[in-house]
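Per-entry structural report
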Amino acid sequence: MRYRLDVAYHGRDFHGWQKQPGLRTVQGELEVWLSRFLGDREEVALTGAGRTDTGVHALALPAHFDWPEPIDTVALHHRLRVALPHDLAILSFHRVADDFHARYSAIARRYVYRVRRGAWPFNRDRDWQVHGELAIDRLHACAAIIRGTQDFSGFCRALSLKENNRCSVTHSEWRTEGDNLTYRIRADRFLHQMVRLIVGTSVAVARGQGTPERLREILTAGDVTLCGDAAPPHGLTLEAVEYPDGVGEPLDFD
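Parameters at a glance
- Residues numbered from 1 in each chain as written.
- Predicted model: local features only at pLDDT ≥ 70, side-chain atom pairs only at ≥ 80, totals over all residues.
- Heavy atoms only, no water.
- Helix = DSSP H or I, 4+ residues; strand = E, 2+ residues; numbered from the N terminus.
- Rg over C-alpha atoms; globule rule 2.2 N^0.38 Å.
- Buried < 20%, exposed > 50% of the residue type's maximum accessible area, 1.4 Å probe, protein only.
- Contact = heavy atoms within 4.5 Å.
- Areas by Shrake-Rupley, 256 points an atom, 1.4 Å probe, with all protein chains shown as cover.
- Lys, Arg positive; Asp, Glu negative; His and termini not counted.
- Charge placed at Lys NZ, Arg CZ, Asp CG, Glu CD.
- Salt bridge = Lys/Arg side-chain N within 4 Å of Asp/Glu carboxyl O.
- Phe/Tyr/Trp six-rings, centres within 6.5 Å; stacked < 30°, edge-to-face > 60°.
- Expected span 1.5 Å × (residues − 1).
- Axes fitted to C-alpha atoms, helices over the stretch in contact; angles between N-to-C directions.
- Nonpolar A, V, L, I, M, F, W, Y, C, P; charged D, E, K, R; others polar.
- Polar contact = N/O pair within 3.5 Å; in protein donor to acceptor, adjacent residues only side chain to side chain.
- Pairing = 2+ DSSP bridges.

**Some points on the overall build of the chain**
When helices and strands are tallied, the chain shows five helices and 10 strands. Compactness check: the chain gives a C-alpha radius of gyration of 20 Å against a globular reference of 18 Å for 254 residues, within 12% of the reference. When its C-alpha atoms are laid out on the principal axes, the chain stretches across 60 × 40 × 35 Å. In the chain, which comprises 254 residues, the proportion classed as buried is 49%. Within the chain, counting contacts between residues at least 6 apart in sequence, those at least 24 apart form 72% of the total. A total accessible area of about 12600 Å² is found for the chain, and carbon and sulfur atoms account for 49% of it. For the chain, the distance from the average site of its 32 positive side-chain charges to the average site of its 34 negative ones is 4 Å.

**Points about the pattern of salt bridges**
Oppositely charged side chains may form a pair once their charged atoms are brought near each other. Going through the model one piece at a time under the given rule, you end up with 12 salt bridges. Across the pair Asp87 and Arg24 runs a salt bridge, and its minimum N-O distance is 2.9 Å. With Asp87 in the loop between α2 (73-83) and β4 (88-96) and Arg24 in the loop between β1 (2-9) and α1 (26-38), this pair connects stretches of sequence that are 63 residues apart. Judged by its relative accessible area of 7%, Asp87 is buried. Judged by relative accessible area, which is 28%, Arg24 ranks as partly exposed. A single salt-bridge network, built from bridges that share partners, covers Arg24, Glu29 and Asp87.

**Focus on the packing of aromatic side chains**
Tallied over the full model, the rule gives 11 aromatic pairs. Arranged with centres 5.7 Å apart and planes meeting at 25 degrees, the rings of Tyr3 and Phe65 form a pair that is stacked. Of this pair, Tyr3 sits in strand β1 while Phe65 is found in strand β3 (residues 57-66), placing the two residues 62 residues apart along the sequence. Owing to a relative accessible area of 2%, Tyr3 belongs among the buried residues under this scheme. By relative accessible area, which is 1% here, Phe65 ends up buried. Here Trp120 and Phe122 contribute two aromatic rings whose centre-to-centre distance is 5.4 Å and whose plane-to-plane angle is 65 degrees, an arrangement assigned as edge-to-face.

**A few points about helix α4 (residues 194-206)**
With 13 residues, α4 extends 18 Å between its outermost C-alpha atoms, agreeing within 8% with the 18 Å of an ideal straight helix rising 1.5 Å per residue. Burial of α4 is extensive: 13 of the 13 residues sit out of reach of the surface. Backbone geometry just downstream of α4 places Gly208 in the positive-phi region, at approximately 105 degrees.

**A closer look at unusual backbone geometry**
Working note: non-glycine residues mostly have negative phi, and peptide bonds are mostly trans. In this structure, Asn123 takes a positive phi of about 60 degrees despite not being glycine. Inspection of the secondary structure puts Asn123 in the loop between β5 (108-117) and β6 (128-130). Judged by relative accessible area, which is 46%, Asn123 ranks as partly exposed. In the Ramachandran plot, Gln193 falls in the positive-phi region, its phi being about 65 degrees despite a non-glycine side chain. Mapped onto the elements, Gln193 comes out in the loop between β9 (180-187) and α4.

**Quick notes on the packing of α4 against helix α5 (residues 213-221)**
Across the interface, α4 lies against α5 with an axial gap of 9 Å and an inter-helix angle of 145 degrees. When α4 is examined against α5, the residues Thr201, Ser202, Ala204 and Val205 are found in contact with a partner set consisting of Arg214, Leu215 and Ile218. Considering only residue class, the contact of α4 with α5 consists of four nonpolar, two polar and one charged.

**Side note on the side chain of Ser153**
Counting through the fold element by element, Ser153 comes out in the loop between β7 (148-151) and β8 (166-177). Here the side chain of Ser153 touches Asp151 through a polar contact of 2.5 Å, side chain to side chain. A distance of 3.3 Å separates polar atoms of two side chains, one belonging to Ser153 and the other to Asn165.

**With respect to the pairing of β8**
Looking down a regular strand, the side chains alternate between one sheet face and the other. In terms of strand pairing, β7 meets β8 through four bridges, oriented antiparallel. Each bridged residue has a counterpart across the sheet, and for Asp151 the counterpart in β8 is Arg166. In this sheet, β9 lies alongside β8 in antiparallel orientation, the contact comprising eight bridges. Following the sheet pairing, Glu177 is matched in β9 by Asn180.

Structural data, given as structure tokens:
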């Protein structure tokens, strides 16, 4: 039987989603608690919709696991709500069809990156505080270049490059509200540090380090060394993972 849970977490004290020996990760933390409450007969093996880097947050990251017996999801959800640390929460927990896959059933992911112009004592763990002037029109031009289906090898750390690095970006937009800026991007898939490299390079351009055409040159060349520094991870949040209608919904036993 397959079960889906949707997880929110503050990424500051996690070394990302993926389990790593000797490090605190979201997957590792959840597997420990699930295995503890379900019994020691076998360990829970979670599959997440994606991997977030160290320090990156998530508002709703779906995951699934299989278990040989029926689970009282309401009771277990309550126990987990009480037991989990303050920076990790399970938003929903239910049984799903056996062919649901948290990663491969997904059709899109949405991220938001938050930037704050100038020093501000609040939200320092969620915003990238940037000093100096930013040309907003350049940010908009950079965002427009990112839209569409393209090879994003130039916005991917070399060690994670795969044979196919084409991504379909259906939304890429900067918005401003006073000194607060947000960059939202939606795509069918993302490469390693792709959003942070796009944001970091866009902010560099907005500070006068080249023109927006720099992003097009990076896409054409497929060379990550042409990027600016990656934006820091604490400004990035996974907002949502999308599935086709009806996929991943709770099974109805009534």
